[in-house]
Structures are given as C-alpha cells and as structure tokens.
Amino acid sequence: MKIFAAIYIGFYEVSLKVFELMARKPIREIDHVRARVEIGRDTYQKGYIGYELMEELGNILSEYKKIMDGYGTDSYTAYAGGVFRGIKNQLFVLDQLYIRTGIRIQVPSNSEHRFIGYKSVAFQEEFHEMTKQGAAVVDVGGGNLQITLFSEGKVITTQHMALGTMRLREQLSSIKNSVVHYESQMEELINKDLEVFKSLYLKEYKMKYIIFMGEYIMELMKKIEKKGNKIISTEKFVKAMRKLYRKNAGQLASELDLPDEDDPLLMPYIVVYTRLAEELSAEEIWAPGYSVSDGMAYDYAERRRIIRPMHDFDEDIISAAKQLSIRYDSFSPHIDALTQMASLIFDAMKKVHGLGKRERLLLQTAAILHDCGKYISLAHGPECAYNIIMESEIIGLSHLERQIVASAVLYNTYPLEDYEELADKLDQDSYMIVAKLSAILRIANAMDRSHKQKFKNVKAAVRGKQLVMTIETGDNIILEKGLFMLKADLFERVFGIKPVIKEKRVLG
C-alpha cells in the first residue's frame, strides 16, 4: 500500500488530496483539504505574484506539509496550473515556496495539465462505453476550457478555448453590478466560440454524452439529482441551470450549500456549463467528480505499475493525428505506407538508435502528419506543417513532445540546424531525438516518393555498418533509389551506418 498526496494550485484555491493506492484495488481518497486564495486576480491585474500572496501560499503549503507528514505520505506531486504559466516572477516564487516549505512545485504545460486531468476519467469503467457511443470530455478551468471529442471510441479532436471562468469574470468586471445584463453579456462572450466549434467539428458527429470536469459541477449535480446520480439528461440539467440565472451569489451559495456567500466565480461556471450543455447537444451529462488532483494519483499509480489503464492512451495520440491529417487532406495510402516503413526501420535499429517505445510513437505521429502543411502551401509545406502541429492540441502529447514531432516533420525536408540554433526550443536530449526521427523519416519517405507503394515485402536489418532494406518490386524504382541515396546523408551522420536497398525483382 502507498499513501500519495496531490497538491494543486489553481486560479482561486489551493487543494490537497491524500489517496490510498493498492494493487488491484480502486484508488481511495482519504482526505481533501481546500483553501480559498484568489491567485488569478493578482496575476491578471499585476502580471506577477506579490509578497503578501506568496506569504499566504507559503503558510497554506506549510500546513499541507504537516498533514502529509501526519499521514506518512510515501510520495507527492505538486502542480501549479495555468495561473502560474504567465507570471513574470514564476521562478522566484517557486524557489521561495520550496525554501520555505520543502515542497517542489511543477508548472506543467497546458497539454500536460489537461492530460493529467483527463486520465482521472479515462481510468473509469464508464468511460470506454461512453466514448464508443460518442462523447465530449469538457474540462472547465479558470483561464480556459478544453473539449475533446470521441466517436466510436476514437479521438476526433481536442480544442482549447479562452473561455475560463476567471477570464470571463475579468472581462465583464466593468458591468458586474448590472445583474440584468451580466448573464446575457457573458453568454455573448461564449456563444461565438461555441458556434465556430460546432460548425467545424460537430457537423459529422453526434455526441451522446458530455463528460464534465471542473469546479462546482458536483454541487450543481447534487442540486438537480437528490439521489446522488452522476448521470442525468441534458434537458433536465439545462432546465435546472436556467432557474439559477438571475440569482445573486448569496442565494446561489445558500441553494447549493456552499460556505462562501460572495463567490464571484459561481455564476460564470453556471453560465459556461449551461451554454456547453445546450450547444453540444448531447443526450446525457456525466459528472464523475474528478479533477486534476485525482489525475495526479492515477498518473502516479500508472507509472509505478500499481494500476493498469483499461484505456489505450497511445491510441488517442494516433487517432488525433490521423484526424488532423484528414482535416488537412493529407491522409492517404502513402501516409499508411510511410508510417509502416518508418516503424519497420525503427524496430530494426533498436540497438543503434537507443530509443524506446515512446519515441516510436512520436515517429509514427510525425509520419502521419508530415504532409499536412501542403493544404496551406505547396511551396512552404514543411513550415506550415510545423505550425499546424505546434498549434494543435494532441491529447497525450506534452508540449515538448509536440515540439519534437513538429521538428522531425520540418527536418524531414529541410537541412537539420545545429543544436545552438534550436537550443531555445529543444534541450540536447530532445535535439538528438529529433535528429534520429527525422533521419529515419527521410529515408522512409524516399522509398515511397512516387506515392505509388512500389515496394512489397519490405524487410530491414542492420548488417555491420549498413542498414539493408530488402524489397520486392516489379516496378521501375529508379526515382526511389536516387532519392534514397540523396536522403541518406543525415542518416549516415546521425547513426554512423549507411542505408542501402537490396532489390528482388518479381513479375507483376
């Protein structure tokens, strides 16, 4: 048995959850402590965290440290959310909090943050069946919200929108006292983005379920479902939410049995949940009550092999990449052939490249997305593909991994720049991964340059100082052979071995 603690610093509170982790048993929450701190207001107004707020955070974390020690915690993870990403004095604040409390706080990228929260629901039994029938996983936060669509169990898209509750509140702060117009103005801010999202992504797909994550959702569900059900009809949910409109913060707090009678974020959450429920047009809503803190526990337990996921997170990445490739009209038999070829080469060179399963997944993702930029520009396809990948949320990939994939795609065509030129984007280890993946991608791509899949029964093996690609073909492959040799230069420089094609002629 392990005792694990998750600390999360959000826009308006600092929470501590303590979990009991046991093999072959569900994760059990044994304590949950929350402290209200409006960090978001400080960061929005000033752009940094001031002395008084830092002192308050230090005191809270010190108390949490005592609680963790009291439980005999074996390990912990401490995350600061989006509220910390943009502050000017982030490094100084993190350093001072560590010195004062001994708690080391990580600031994950948006991709990492959302993925950790997503894990908390993806580990649940209901998730698999819901995503097979069509589901939208909606994570509402203070700074933004994220929607991931599933159809037939596969990821369709993940979209990030600047519609967080704290952000909306600050935008409407000038009319906050005008109760008559507050909710309608907030809806106007939300509606345009949701309309665009629907027109781009919901034309071809029908969602049966909305899976809501975020603050207050459980309190709202308890108001609607007295029996404690976590699944209700969308119609019933919207009707109940609309009844809460026009109530002031004190009335809402009383109805929902909340301690803070002057909570300025409660109404923004109600409006956001209501409009999402109306626009996504699902039949039912599931609010499992999990958060990023729960996700930290599941992530830790998975990495320590205490539990095993039923859900295939790697398949999410491949599915999202394929959908992105389809959206930019680049998915084709060539993409399939290139992905298989690149994977074959990767597998044959395990003892040479020293990379692992995760890097193989990144190579496959790069192969699937390598041509998506041509939709925008045939002349500058690689740069466009790089930008498309960097601006797309691919659930399961961290920001750095997205950078590796985008760079591998870029340098599949362009000369690989020296490390010093890329040091602001990649550390040395990541640079080496980019070099290896792009070198493999280059020769794999050259073998199907005509996009006609001329090679059959391809085999790859390292023999001495050569990578021998044995192929069968009945076609003229002069173009492929010539391009293969031209693309071999980076491969030889990176790996110190020469790729060669050994041809076996077969009758058509």
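Right, let's walk through the structure included here.

Thresholds applied
- Residues numbered from 1 in each chain as written.
- Predicted model: local features only at pLDDT ≥ 70, side-chain atom pairs only at ≥ 80, totals over all residues.
- Heavy atoms only, no water.
- Pairing = 2+ DSSP bridges.
- Helix = DSSP H or I, 4+ residues; strand = E, 2+ residues; numbered from the N terminus.
- Axes fitted to C-alpha atoms, helices over the stretch in contact; angles between N-to-C directions.
- Parallel < 35°, antiparallel > 145°, perpendicular 65-115°, else oblique.
- Left-handed = near helix turned anticlockwise from the far one by under 90°.
- Contact = heavy atoms within 4.5 Å.
- Nonpolar A, V, L, I, M, F, W, Y, C, P; charged D, E, K, R; others polar.
- Buried < 20%, exposed > 50% of the residue type's maximum accessible area, 1.4 Å probe, protein only.
- Phe/Tyr/Trp six-rings, centres within 6.5 Å; stacked < 30°, edge-to-face > 60°.
- Salt bridge = Lys/Arg side-chain N within 4 Å of Asp/Glu carboxyl O.
- Expected span 1.5 Å × (residues − 1).
- Polar contact = N/O pair within 3.5 Å; in protein donor to acceptor, adjacent residues only side chain to side chain.
- Core = buried A, V, L, I, M, F, W, Y, C linked by side-chain atoms within 4.5 Å.

## As for the sheet that holds strand S4 (residues 75-80)
Logical step 1: Overall, mixed pairing links the four strands, which are arranged S3-S2-S1-S4 in an open sheet. Of all the strands in the sheet, just strand S3 (28-36) and S4 have a single pairing partner and so form its edges. Adjacent strand axes in the sheet meet at a mean angle of 10° when their direction is disregarded.

## Comments concerning the packing of helix H17 (residues 357-369) against helix H19 (residues 399-413)
Logical step 1: Between H17 and H19, whose axes approach to 9 Å, the crossing angle comes to 50°. The angle between H17 and H19 falls in the class oblique. The crossing of H17 and H19 is right-handed. On H19, the residues that touch Arg358, Leu362, Thr365, Ala366 and Leu369 of H17 are Glu401, Ile404, Val405, Ala408 and Val409.
Logical step 2: The class makeup of the residues in the contact of H17 with H19 is seven nonpolar, one polar and two charged.

## Section: the pairing of S4
Logical step 1: For S4, a buried count of five out of six residues is recorded, marking the element as mostly surrounded by other parts of the structure.
Logical step 2: Taken together, the six bridges between strand S1 (residues 2-9) and S4 define a ladder with parallel strand orientation. Across the sheet, residue Ala5 finds its bridge partner in S4, namely Tyr76.

## A look at the side chain of Thr77
Logical step 1: The topology assignment puts Thr77 in strand S4.
Logical step 2: Not counting residues up to four positions away in its chain, the partners in contact with Thr77 are Phe4, Ala5, Ala6, Ile7, Gln106 and Met296.

## What about the environment of Ala406?
Logical step 1: The residue Ala406 is located in helix H19 in this model.
Logical step 2: Spatially, the C-alpha atoms of Ala406 and Ile317 are 14 Å apart, while their sequence positions differ by 89 residues.
Logical step 3: Sequence-distant contacts of Ala406, that is, excluding residues within four places in its chain, are made with Tyr386, Ile389 and Met390.

## Comments concerning the packing of aromatic side chains
Logical step 1: All chains considered together, the criterion is met by 19 aromatic pairs.
Logical step 2: A centroid spacing of 6.3 Å and a plane angle of 85° characterise the contact between Tyr12 and Tyr269, whose relative ring orientation is edge-to-face. On the criterion of sequence distance, the pair formed by Tyr12 in the loop between S1 and strand S2 (13-21) and Tyr269 in helix H12 (residues 266-280) is long-range, its members being 257 residues apart.
Logical step 3: For Tyr12, a relative accessible area of 5% translates into the label buried.

## Structural notes on the packing of H19 against helix H21 (residues 428-446)
Logical step 1: Orientation of H19 relative to H21, taken along the N-to-C sense of each, is 40°, at an axis distance of 8 Å. One finds that H19 runs oblique with respect to H21. The chirality of how H19 crosses H21 is right-handed. Counted together, Leu400, Ile404, Ser407, Ala408, Tyr411 and Asn412 of H19 and Ser430, Ile433, Val434, Leu437, Ser438, Leu441, Arg442 and Asn445 of H21 form the full contact between these two elements.
Logical step 2: Grouping the constituent residues of the contact of H19 with H21 by class yields eight nonpolar, five polar and one charged.

## Quick notes on the pattern of salt bridges
Logical step 1: One pass over the full model with this rule turns up 28 salt bridges.
Logical step 2: For the salt bridge of Lys119 with Asp299, the shortest nitrogen-to-oxygen distance reads 2.8 Å. Within this pair, whereas Lys119 is found in helix H5 (residues 110-122), its partner Asp299 is found in helix H13 (residues 292-303), the two being separated by 180 residues in sequence. Note on accessibility: Lys119 and Asp299 belong to one class, buried.
Logical step 3: Beyond isolated ion pairs, a larger network of salt bridges with shared partners links Glu187, Lys198, Arg242, Arg275, Glu278 and Glu279.

## Description of helix H14 (residues 313-327)
Logical step 1: Taking 1.5 Å of rise per residue, 15 residues should cover 21 Å, and H14 covers 21 Å from first to last C-alpha, within 8% of that figure.
Logical step 2: Looking at the buried side of H14, the elements it contacts are H5, strand S6 (145-151), strand S7 (154-161), H13, H17 and helix H18 (381-390).
Logical step 3: The residue sitting at the N-terminus of H14 and contributing the capping side-chain oxygen is Asp312; that oxygen lies 3.1 Å from the backbone nitrogen of Asp314.

## What about the sheet that holds strand S10 (residues 284-286)?
Logical step 1: Pairing is mixed across the open sheet formed by six strands, whose spatial order is S7-S6-S5-S8-S10-S9. The outermost strands of the open sheet, each flanked by one partner alone, are S7 and strand S9 (231-233). Here the strands of the sheet are splayed against their neighbours by 20° on average, with no regard to which way each runs.
Logical step 2: Bridging between S6 and S7 involves seven bridges; their strand directions are antiparallel. Looking across to S7, one finds that Phe150 is bridged to Val155.
Logical step 3: Taken strand by strand, helix H10 (residues 234-244) contacts strand S8 (209-214), S9 and S10, and its axis lies near 80° from that of S9.
Logical step 4: Most of the contacts of H14 go to S7, to which it runs at about 75°, and overall it touches S6 and S7.

## Some details on the pairing of S8
Logical step 1: Counted residue by residue, S8 has five buried out of six residues, so it is predominantly covered.
Logical step 2: Here strand S5 (residues 135-140) runs beside S8; their pairing, made up of six bridges, is parallel. Paired with Val137 across the bridge in S8 is Ile211.
Logical step 3: Where S8 and S10 come together, three bridges link them in parallel fashion. The residue bridging Ile211 from the neighbouring strand is Trp286, located in S10.

## Points about the nonpolar core
Logical step 1: Counting 95 residues, the largest nonpolar core has Tyr118, Ile345, Leu437, Leu467 and Phe491 as its most contacted members.
Logical step 2: With eleven residues, the single largest contributor to this core is H21.
Logical step 3: With near-sequence residues (within four places) excluded, Tyr118 lies in contact with Phe127, Val137, Phe150, Met213, His311, Phe313, Asp316 and Ile395.
Logical step 4: Counting residues in each nonpolar core, the second largest holds 82 residues, with Met68, Ile105, Val140 and Val272 among its members.

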